[in-house]
Amino acid sequence: MKSGKSSLLVALVRHDVLPRRSHVMTTVATRVVLGGHSKPVLRIDRRTLDRISEQLSFSAETEDLSRWPDLARFCHRVRQGGIEVRAGIHGAEAVRRQLLELNELARLGGQAVDWLPEIRLPSDTDCPLVLIDTPGAAPHDAVVAEHLTQAHGCVVVLDYTQLGSTAEAFFAERVQPFLDRLDRVWIVVNRIDQRRDLTDRDRAGTAEAARALFGRDDPEVFETSASLAMAADPRARARSGVELLSGALSLAEGSS
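Values in this document were obtained by computation on a predicted structure and should not be read as measured data.

Conventions used here
- Residues numbered from 1 in each chain as written.
- Predicted model: local features only at pLDDT ≥ 70, side-chain atom pairs only at ≥ 80, totals over all residues.
- Heavy atoms only, no water.
- Helix = DSSP H or I, 4+ residues; strand = E, 2+ residues; numbered from the N terminus.
- Buried < 20%, exposed > 50% of the residue type's maximum accessible area, 1.4 Å probe, protein only.
- Contact = heavy atoms within 4.5 Å.
- Areas by Shrake-Rupley, 256 points an atom, 1.4 Å probe, with all protein chains shown as cover.
- Pairing = 2+ DSSP bridges.
- Axes fitted to C-alpha atoms, helices over the stretch in contact; angles between N-to-C directions.
- Phe/Tyr/Trp six-rings, centres within 6.5 Å; stacked < 30°, edge-to-face > 60°.
- Lys NZ or Arg CZ within 6 Å of the ring centre and 35° of its normal.
- Right-handed = clockwise from strand over helix to strand, strands pointing away.
- Expected span 1.5 Å × (residues − 1).

(A) A look at the overall build of the chain. Along the chain, the regular secondary structure elements total 10 helices and 8 strands. Within the chain, buried positions represent 48% of all 256 residues. Here the contacts in the chain between residues at least 6 apart in sequence split such that 77% fall between residues at least 24 apart. Summed over its atoms, the accessible surface of the chain is roughly 13,300 Å², and 49% of this surface lies on carbon and sulfur atoms.

(B) Here's a closer look at the sheet that holds strand β4 (residues 118-121). Taken together, the 5 strands give an open sheet; going across it, the order is β3-β2-β4-β1-β5, and neighbouring strands pair in mixed fashion. Each edge of the open sheet carries a strand with a single partner, namely β3 (88-90) and β5 (129-133). For this sheet, the mean inter-axis angle between neighbouring strands, taken without regard to orientation, is 20°.

(C) Looking closely at the packing of aromatic side chains. Applying the stated criterion across every chain yields a total of 0 aromatic pairs. The ring centre of Phe178 lies 4.9 Å from the NZ or CZ of Arg181, which sits over that ring.

(D) View of the pairing of strand β6 (residues 153-159). Here β6 lies mainly inside the structure; 5 of its 7 residues are buried. Pairing of β6 with strand β7 (residues 184-190), which is carried by 7 bridges, proceeds in the parallel orientation. The partner of Leu158 across the bridge, within β7, is Val189. For the crossover that starts at β6, traverses helix α6 (residues 166-179) and ends in the parallel β7, the hand is right-handed.

(E) Helix α7 (residues 203-214), seen in detail. The end-to-end C-alpha distance of α7, which contains 12 residues, comes to 17 Å, matching closely the 16 Å that a straight helix rising 1.5 Å per residue would cover. Buried within α7 we find Gly205, Thr206, Ala207, Ala209, Ala210 and Phe214. Against β6, α6, β7 and β8 (221-223) lie the buried residues of α7.

Structural data, given as structure tokens:
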């Protein structure tokens, strides 16, 4: 299920390092570490590289993908030997491109991924802050579940246009057991720019619907628009709600 988590995370950290699409993009969970670097760096350990090599060998023999043109094009590159994964990638554009290929590779393999790439970003925070960008069904992914057991909190991102839908209810049911174990939970309703007129849910109605999904009265519900936050006009970012969320998460102001 797509709710704009990667776009929201990019808006929060102010570094365009995560691949995004109009349809579901994130297949591989990614650690994002703020602090300790002068520019974006993607790190992949040796064990992960070995696993990726195995996946490439498997993917080169995959079946017909004519129903998925973008994946078919990627598969052609794999078969032609046009994919190279390296342990250290520097710079936002190069990091984003490499992560795009890793996500396509996972989709192509059609199986669970047991590796977690890590991006390190510049930040003004006093101590490193670790965020994890997850696929929609992440809590049932063994790798992500392991990291959730070590987390201090969780940001749950919902899609404003899907509030009240069966898909959101199913998602809430899947993540609820993990939320119950955490000290802090932030509920975020993204894509709030899709609120069109007085017949749509207002802020109070949105918060009520979001809390009802998880049966929680305690957390504040944040309304955000990642697309507004990433617009060139700074006034759009001011209306996006991202700064309020950033403050709640204690994210320092960073530069792109």
